[in-house]
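Chain and residue survey
Here is how the chains run, residue by residue.
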Amino acid sequence: MSVELTEAARGRERIVVDARETFVATRALRELSLDYTGEAPRSVALVLSSGTERALVARSENGKLRVDLGATIAKGRAFTVRVVVSNALVQGTGRDRNAIGTFGGFVAQDTSEGRRMLSTLNWPKLGRTWIPLRDHPADGAMFALRATFPKRFTVVGNGKLVSSRESGESKVWEYENLVPIPSYDFHVAAYDGWKETDVAAPSGKHVHTWVYGADQPTSSVMLGELPKALAFYEKLVGPFRFEQAGFLEEPIWAGGMENAGVVSLDETLFRTPQESRTTAFHELAHHWSGNLVRIRRWNDFWLSEGFTDYLSHRFVEENDGAAASSKEWGVALGRATGSDGAFALRPGDAAEFDPVRFMNASAIPYDKGAWVLRTVEGIVGRPALDAFLHGWFARHAFEAVTTEQWEAELSSETGRDLSGFFSGFVHGTGHPELRVTLTATAAGGTRIAVDQTQAGAAFAVPVTLELSGASGGAPTLATIDLRDKHVEKEVPQTVRRAIVDPKGVLYGLVACSSDDPCRTGTSCRAGFCRAL
């Protein structure tokens, strides 16, 4: 794809995109349907095997560009269509940057330095505003870019920089990303105020950064641990499959965007680098979850974001220690349990779920998604889950996956029937709320009753209890499989105290009082054990 800035005057920036797009027909095709909402194409043509072109007729219809191919393309055959379009860049005002889902496309806006930046904001469905394409998370595509901009700009795109050369007052930059990525990951950015750094990770892959000159002092805190994070993720879930781990400072959505190989980080993050560095860990983890293994439908969004949050929490535990990790998990649990009645982690298939709605209720796919994985870890054990995740990303590299695949493969590999668990925690809403009652038996033992007090159906999950007796000896552990709202279990010893979920891996809340203590790292507030 060629992108040329044809008008550079402030407020009137304009580009021409010359896109050669190659597809494989999955059925016999007479018409190609592309997502596109920009100005009418200048030309559309079929590129023949000889290299010559045959003009095609295209019409715009309800956000689609429908291209008459002029003849039937047989199933399994590859074909190339060339589309040339010209569009004005979206003008950023500074007030609309966080209007996710409506603000974006190819954008011209001022940075906090007062300089002009030209860059793309494609998530979730805004790539179609400046280039005709298949704009859906399941569709993966390689991306080769030739960008012509005034030579004062540094231009960055996905993949490997192949060449850069001056041509009069312009400079031509060529990038190649030769692995499939989702279309919302396509990224082009041009700016004249970045300072570049490059650091090699232990595997030899490079972490390349472009930050504003004024933010270089804080960037070492914000981005300095990324080589360690890259090494950790490679050990945990497999090799990094992209040309580089690039990170750009840009004015975007007060967060990050996982553009493959060229992550966008909002300029405001560099004002609070110690707190915001976890955003960089999260976006790096997307190079396995979301970029390497795509989602089949927006309804499967948690497979991208929940997995990514889980991986970044694991790195915080490795890098910052157990106390810092426990604090992060506690904050995430509070956010998730406070909003998880809105919709299921994986909504049903009656209609494709709106990704912007997911984002606006981000505690569900992000925080709840990560916590569900943490609970799975508690059920099957960390070594088993780690082995499964490593295999999952290897088996499905550059594919689009579903929640049903994840459940089936996890159940098969671990030898556990997880259907009941998935029904409540993934396909249902809310969370378990547990209350434990201890009753002495005539034989000198204890009857342990666990009640799920939340409204609605019971959740199916095994729960561990730490049991302490009157003698003050070492506590013992007992596991109770919860499948009904009321479950009982008898143990032969006298139990004076039962702490539910002592390792803190259960997604849910535990009732407490002065007689019902909470596990370490939590305290009793408003009737439930909550993070300190």
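Structure: above.
All chains use their own residue numbering, which begins from 1 and follows the written sequence. Only residues with pLDDT of 70 or above have their local features reported here, since the model is predicted, and side-chain atom pairs are shown and tallied only from 80 upward, although totals for entire chains, interfaces and linings are computed over all residues. Water and hydrogen atoms were dropped before computing side-chain values, which therefore reflect all heavy atoms in the structure.

Turning next to the packing of aromatic side chains. Note on ring pairs: Phe, Tyr and Trp rings are taken, using the six-membered ring of Trp, and paired if centres are within 6.5 Å. Classes follow the plane angle, with under 30 degrees stacked, over 60 edge-to-face and the rest tilted. The tally for this structure, following the rule as stated, stands at 33 aromatic pairs. Between F240 and F242, the ring centres sit 5.7 Å apart and the planes meet at 65 degrees, which makes this aromatic pair edge-to-face. An aromatic cluster of at least three residues, connected via ring pairs, comprises W123, Y184, W298, F301, F343, F353, F358 and Y366. Any Lys NZ or Arg CZ found within 6 Å of a ring centre and within 35 degrees of that ring's normal is scored as a charge over the ring. In this structure, R374 packs its charged tip against the face of W371, placed 5.1 Å from the ring centre.

Let's shift gears to the sheet that holds strand β3 (residues 29–35). Criterion used throughout: strands pair if DSSP finds at least two bridges between them. Here a helix means four or more residues in a row that DSSP labels H or I, a strand means two or more in a row labelled E, and each is numbered from the N terminus. Strand order in this open sheet of 3 strands is β3-β7-β6, and the pairing throughout is antiparallel. Each edge of the open sheet carries a strand with a single partner, namely β3 and β6 (57–61). Across the sheet, the axes of successive neighbouring strands diverge by a mean angle of 25 degrees, strand direction being ignored. Here 5 bridges tie β6 to strand β7 (residues 64–73), and the two strands are oriented antiparallel to one another. If you follow V57 over to β7, its bridge partner there is D68. For helices, the fitted axis covers only the stretch in contact; all axes are lines through C-alpha atoms, and the angles between them, taken along N-to-C directions, range from 0 to 180 degrees.

Before going further, it helps to examine the packing of helix α2 (residues 226–237) against helix α4 (residues 301–320). Close contact between α2 and α4 brings their axes to 10 Å; oriented N to C, the two are set at 115 degrees. When the axes of α2 and α4 are compared, the pair comes out roughly perpendicular. In this structure, α2 crosses over α4, and the sense of that crossing is right-handed. Across the interface between the two elements, K228, A229, F232, Y233, L236 and V237 of α2 pack against L311, S312, R314, F315, E318 and N319 of α4. With respect to orientation, any angle under 35 degrees is reported as roughly parallel, any angle over 145 as roughly antiparallel, any angle of 65 to 115 as roughly perpendicular, and every other angle as oblique. Crossings are assigned a handedness: left-handed for a near helix turned anticlockwise from the far helix by less than a right angle, right-handed for a clockwise turn. Contacts are residue-level and defined by heavy atoms, with any inter-residue pair within 4.5 Å sufficient.

Okay, the pattern of salt bridges next. What makes a salt bridge here is a side-chain nitrogen of Lys or Arg within 4 Å of a carboxyl oxygen of Asp or Glu, nothing more. Within this structure, the stated rule accounts for 39 salt bridges. Across the pair E13 and R116 runs a salt bridge whose closest N-O atoms are separated by 2.9 Å. Of the two residues, E13 is situated in the loop between β1 (2–7) and β2 (14–24) and R116 in strand β11 (residues 116–121); the sequence distance between them amounts to 103 residues. For R116, a relative accessible area of 12% corresponds to the buried category. Residue E53 is joined to R20 by a salt bridge in which the shortest nitrogen-to-oxygen separation is 3.4 Å. Summary of the burial criterion: residues with accessible area below 20% of their type's maximum are buried, those above 50% are exposed, and those between are partly exposed, where the area comes from a 1.4 Å probe applied to protein chains only.

The disulfide definition used here is simple: a pair of cysteine sulfur atoms within 2.5 Å. The final tally for this structure, using the stated rule, is 2 disulfides. Disulfide pairing is shown between C512 and C524; the S-S distance is 2.0 Å. Its S-S torsion of approximately 95 degrees makes the covalent link between C512 and C524 right-handed. Residue C512 is located in the loop between β30 (509–510) and β31 (522–525), and its partner C524 is located in strand β31; the two are separated by 12 residues in the primary sequence.

Our next topic: α4. Taking 1.5 Å of rise per residue, 20 residues should cover 28 Å, and α4 covers 28 Å from first to last C-alpha, within 8% of that figure. Here α4 lies mainly inside the structure; 17 of its 20 residues are buried. A helix is expected to reach a length of 1.5 Å times the quantity of its residues less one.

This next bit is on unusual backbone geometry. Going from W123 to P124, the amide bond is cis rather than trans, its omega being -10 degrees. Inspection of the secondary structure assignment puts P124 in the loop between β11 and β12 (140–150). A positive phi angle, near 65 degrees, is found at A254, a position not held by glycine. If you trace the backbone, A254 turns up in the loop between β19 (245–250) and β20 (256–257). Take A254: its relative accessible area is 42%, and that puts it in the partly exposed class. Although it is not a glycine, F398 sits at a positive phi angle of roughly 65 degrees.

Backbone hydrogen bonds hold the strands of a sheet together, and the pairing may be parallel or antiparallel. Read across the sheet, 5 strands follow the order β9-β10-β11-β16-β13 without closing on themselves; strand pairing throughout is mixed. Since the sheet does not close on itself, it has two edges, and those belong to β9 (90–91) and β13 (154–157), each with one partner. Pairing of strand β10 (residues 105–110) with β11 involves 6 bridges; the strand directions are antiparallel. Residue Q109 lies in a different strand from β11, and its bridge partner there is M117.

The next subject is the packing of α4 against helix α7 (residues 363–380). Interaxial distance between α4 and α7 falls to 7 Å at its minimum, and their mutual angle equals 65 degrees. Relative to α7, the element α4 lies roughly perpendicular. Note that α4 runs across α7; the crossing there is right-handed. When α4 is examined against α7, the residues F301, W302, E305, G306, F307, D309, Y310, H313 and R314 are found in contact with a partner set consisting of P365, Y366, D367, G369, A370, V372, L373, R374 and E377.

Nothing here speaks to function; it is geometry throughout.
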